[in-house]
Amino acid sequence: MVKVHEGMLNAEGMKIAIISARFNDMITKELTQGSIDCLKRHGVKEGDIHLYWVPGAFEIPSTARKVAESGKFDGVICIGAVIRGATPHFDMVANEATKGIAQVGMNSNVPVIFGVLTTDSIEQALERAGTKAGNKGWDAALNVIEMVNLNKNI
Ligand code: INI
């Protein structure tokens, strides 16, 4: 018989850190609120959610590493919004944030979730920040809950 392992969505007793980038905060505030709302509705106590603001998505990985290594949290959610403009900055910031967060996750004992939007336009970002394409911050919080519970089964 196949032994299937998957994480459930009960988050009671979890301690979760959120690293949020202030750049494009019209978007990231909504994503952050979505994450917090999801965590609370799945049983995380408000006082067990710690929110760390960093200037931009580029700064997320270094802070995520410190937070993940602190041993204080069961999981980490990284939130940012990198929006393509008339500058090559987009690719550099998006690539570094993506690579950096993946690396932190690979080297960490706790799940590190990628909740960074990379979009071509503000409209696309808004669609994913609580309008017609849902709230990717909420989705990131569900993912961290699932992964924390999955890791308990390994
Ligand atoms: N940071 C973002 O989070 N999103 C962006 O779209 C962005 N763009 O396009 O420039 C951005 N840049 C700032 C960067 O993350 C750093 O904060 C900055 O370079 C200082 O290190």
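What you are looking at is a predicted structure, and each value in this text was computed from that prediction instead of being measured.

**As for the packing of aromatic side chains**
- If you walk through the whole model with that rule in mind, you get one aromatic pair.
- Seen from their ring centres, Tyr-52 and Phe-73 are 6.3 Å apart, and the 90 degrees between their planes marks the pair as edge-to-face. Within this pair, whereas Tyr-52 is found in strand β2 (residues 49–54), its partner Phe-73 is found in the loop between α2 (60–69) and β3 (75–83), the two being separated by 21 residues in sequence.

**Thoughts on the site of the ligand**
- Close to the ligand lie Phe-23, Asn-24, Gly-56, Ala-57, Phe-58, Glu-59, Ala-81, Val-82, Ile-83, His-89 and Val-93.
- Residue Gly-56 places a main-chain N or O atom 3.4 Å away from an oxygen atom belonging to the ligand.
- Taking Phe-58, its main chain carries an N or O atom lying 3.1 Å from an oxygen atom of the ligand.
- When the free accessible area of the ligand is taken as 460 Å², the share hidden by the protein chains comes to 77%.
- Listing elements by their share of the shell around the ligand, those giving two or more residues are β3 and α3 (89–106).
- For the shell around the ligand, the leading source of residues is β3, giving three residues.
- Its residues assigned to classes, the shell around the ligand comprises seven nonpolar, three polar and one charged.

**Overview of the pairing of β2**
- Of the strand pairs in this sheet, strand β1 (residues 16–21) and β2 are connected by six bridges, and their pairing is parallel. If you follow Ser-20 over to β2, its bridge partner there is Trp-53.
- Crossover handedness for the path β1 to helix α1 (residues 25–41) to β2: right-handed.

**Side note on the pairing of β1**
- In terms of burial, β1 is largely enclosed, as six of its six residues are buried.
- Neither face of β1 is open: one carries Ile-16, Ile-18 and Ser-20, the other Ala-17, Ile-19 and Ala-21, and all of them are buried.

**Some thoughts on the packing of α2 against α3**
- Between α2 and α3, whose axes approach to 8 Å, the crossing angle comes to 15 degrees. By the criterion of interaxial angle, the relationship of α2 to α3 is roughly parallel. Relative to α3, the crossing made by α2 is right-handed. Contacts from Ile-60, Pro-61, Ala-64, Arg-65 and Ala-68 in α2 reach Glu-96, Ala-97, Gly-100, Ile-101 and Val-104 in α3.

**Examining unusual backbone geometry**
- Although it is not a glycine, Asn-24 sits at a positive phi angle of roughly 60 degrees.
- Structurally, Asn-24 can be placed in the loop between β1 and α1.

Rules used in this analysis
Residue numbering note: each chain is counted from 1, following its sequence as written. Side-chain atom pairs in this predicted model are given and counted only at pLDDT of 80 or more, local residue features only at pLDDT of at least 70, and totals for whole chains, interfaces and linings cover all residues. Note: side-chain values were computed over all heavy atoms of the structure, leaving out hydrogens and water. Only Phe, Tyr and Trp rings are paired, with Trp represented by its six-membered ring, and only when their centres lie within 6.5 Å; those with planes under 30 degrees apart are stacked, over 60 edge-to-face, the remainder tilted. Only DSSP runs of H or I covering at least 4 residues are called helices, and only runs of E covering at least 2 are called strands; the numbering of each starts at the N terminus. One heavy atom within 4 Å of a molecule or strand makes the whole residue count as near it. As used in this structure description, the phrase polar contact means that two N or O atoms lie within 3.5 Å; if the pair is within protein, one of them must be able to donate a hydrogen and the other to accept it, and residues adjacent in sequence are counted only when both atoms belong to side chains. Only the protein chains shown count as covering a residue, and every accessible area follows the Shrake-Rupley method with a 1.4 Å probe. When residues are grouped by polarity, Ala, Val, Leu, Ile, Met, Phe, Trp, Tyr, Cys and Pro land in nonpolar, Asp, Glu, Lys and Arg in charged, and all others, Gly among them, in polar. Whether two strands pair comes down to DSSP finding at least two bridges between them. Look down the strands so they point away from you; if the path from the first strand over the helix to the second goes clockwise, the crossover is right-handed. Partly exposed describes any residue whose relative accessible area lies between the buried limit of under 20% and the exposed limit of over 50%, with all areas from a 1.4 Å probe on protein chains only and scaled to the type maximum. An axis is simply a line fitted to the C-alpha atoms; with a helix, the fit covers only the stretch in contact. Between two such axes, the angle follows the N-to-C directions and lies from 0 to 180 degrees. Throughout this description, any angle smaller than 35 degrees is read as roughly parallel, any larger than 145 degrees as roughly antiparallel, any in the 65 to 115 degree range as roughly perpendicular, and the remainder as oblique. Left-handed describes a crossing in which the near helix is turned anticlockwise from the far one by less than a right angle; the clockwise case is right-handed. Two residues form a contact once any of their heavy atoms are found within 4.5 Å.

None of the figures reported here should be taken as evidence of function without further support.
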